[in-house]
Amino acid sequence: MIRIAPATPGDREKVLALVERLLRELEDRPEEFAGLDREKTLHDLEAAQERFAAFLAHTLEGDAVGVVTLVETFAIYAGGRYGVIDELYVEPEYRAQGVGRLLIDAAKEHGRQRGWARIEVTAPAEERWAATVDFYKRQGFIFTGPKLRFPRS
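For clarity, every value in this text was computed on a predicted model and none was experimentally measured.

A. Molecular detail of the environment of Tyr89. With respect to the helices and strands, the residue Tyr89 is situated in strand β4 (residues 80-90). For the pair Tyr89 and Val65, spaced 24 residues apart in sequence, the C-alpha to C-alpha distance is 8.3 Å. Leave out the neighbours within four places in its chain, and Tyr89 touches Leu18, Arg21, Leu22, Glu25, Val65, Gly66, Val67, Arg95 and Leu103. A polar atom in the side chain of Tyr89 sits 3.2 Å from the side chain of Glu91.

B. A look at the pattern of salt bridges. The final tally for this structure, using the stated rule, is eleven salt bridges. Across the pair Glu46 and Arg12 runs a salt bridge, and its minimum N-O distance is 2.8 Å. In this pair, Glu46 is assigned in helix α3 (residues 38-48) and Arg12 in helix α1 (residues 12-25), connecting sequence segments 34 residues apart. For Arg12, a relative accessible area of 21% corresponds to the partly exposed category. A salt bridge links Arg114 to Glu50, with the shortest nitrogen-to-oxygen separation between them at 3.6 Å. One end of the pair, Arg114, is in helix α4 (residues 99-114); the other, Glu50, is in the loop between α3 and β2 (52-59), with 64 residues separating them in the sequence. Arg114 gets classed as buried once you look at its relative accessible area, which sits at 19%. Here the residues in one salt-bridge network are Glu50, Glu72, Arg81 and Arg114, joined through shared partners.

C. Here's a closer look at the side chain of Glu91. For Glu91, the position within the fold is in the loop between β4 and α4. Judged by its relative accessible area of 12%, Glu91 is buried. Within the structure, the side chain of Glu91 is placed 2.6 Å from the side chain of Arg21, a separation counted as a polar contact. Apart from the residues within four sequence positions on either side, Glu91 is in contact with Leu18, Arg21, Ala64 and Val65.

D. Just the packing of α1 against α3, in detail. In contact at an axis separation of 11 Å, α1 and α3 are set at 125° when each is read in the N-to-C sense. Taken together, the axis directions place α1 and α3 in an arrangement best described as oblique. Crossing geometry of α1 relative to α3 is assigned as right-handed. Residue-level contacts link Arg12, Glu13, Leu16 and Glu20 of α1 to Arg38, Thr41, Leu42, Leu45 and Glu46 of α3. The residue makeup of the contact of α1 with α3, split by class, is three nonpolar, one polar and five charged.

E. Focus on the sheet that holds strand β5 (residues 119-121). Ordered by their spatial adjacency, five strands build an open sheet running β1-β2-β3-β4-β5, and the pairing between neighbours is mixed. Whereas interior strands pair on both sides, the edge strands pair on one side only; in this sheet they are β1 (2-6) and β5. Neighbour-to-neighbour, the strand axes of this sheet turn through a mean angle of 25°, independent of strand direction. The pairing of β4 with β5 spans three bridges and is parallel. Pairing of Val84 across the sheet is with Glu120, part of β5.

Reading the values: the criteria
Residues numbered from 1 in each chain as written. Predicted model: local features only at pLDDT ≥ 70, side-chain atom pairs only at ≥ 80, totals over all residues. Heavy atoms only, no water. Helix = DSSP H or I, 4+ residues; strand = E, 2+ residues; numbered from the N terminus. Contact = heavy atoms within 4.5 Å. Polar contact = N/O pair within 3.5 Å; in protein donor to acceptor, adjacent residues only side chain to side chain. Salt bridge = Lys/Arg side-chain N within 4 Å of Asp/Glu carboxyl O. Buried < 20%, exposed > 50% of the residue type's maximum accessible area, 1.4 Å probe, protein only. Axes fitted to C-alpha atoms, helices over the stretch in contact; angles between N-to-C directions. Parallel < 35°, antiparallel > 145°, perpendicular 65-115°, else oblique. Left-handed = near helix turned anticlockwise from the far one by under 90°. Nonpolar A, V, L, I, M, F, W, Y, C, P; charged D, E, K, R; others polar. Pairing = 2+ DSSP bridges.

The following block contains the structure:
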């Protein structure tokens, strides 16, 4: 049995550890994630306050086995405030057991409570991540195209 709960300030290390595991899986693009500064990240999390949310999936024993992180933003095209899922990770041995769906459900409920117009997520476009894109589609997400970024210097 898995329990989903909002991450508290005391859970920040658990959130970071799970996201770091996600980044290792995406490691074929090291320039994307090189040099995660934990201290700066923790400081920025503190500063984001209610604009940032994370939910953890826990086993009955209390082990954190999944995480979803969201940030609130604003755009005219989106009709106002909306959310972005920045990270979603489930430990490999808990995948295909509904844990990801439970985390997405928590994100959707959080968005409803915050009055968000929508929730967006970016998934890797490579063919090896097709199952990830299919997962999001099964959760009701609609493909809207690739996303570009300006690299940090």
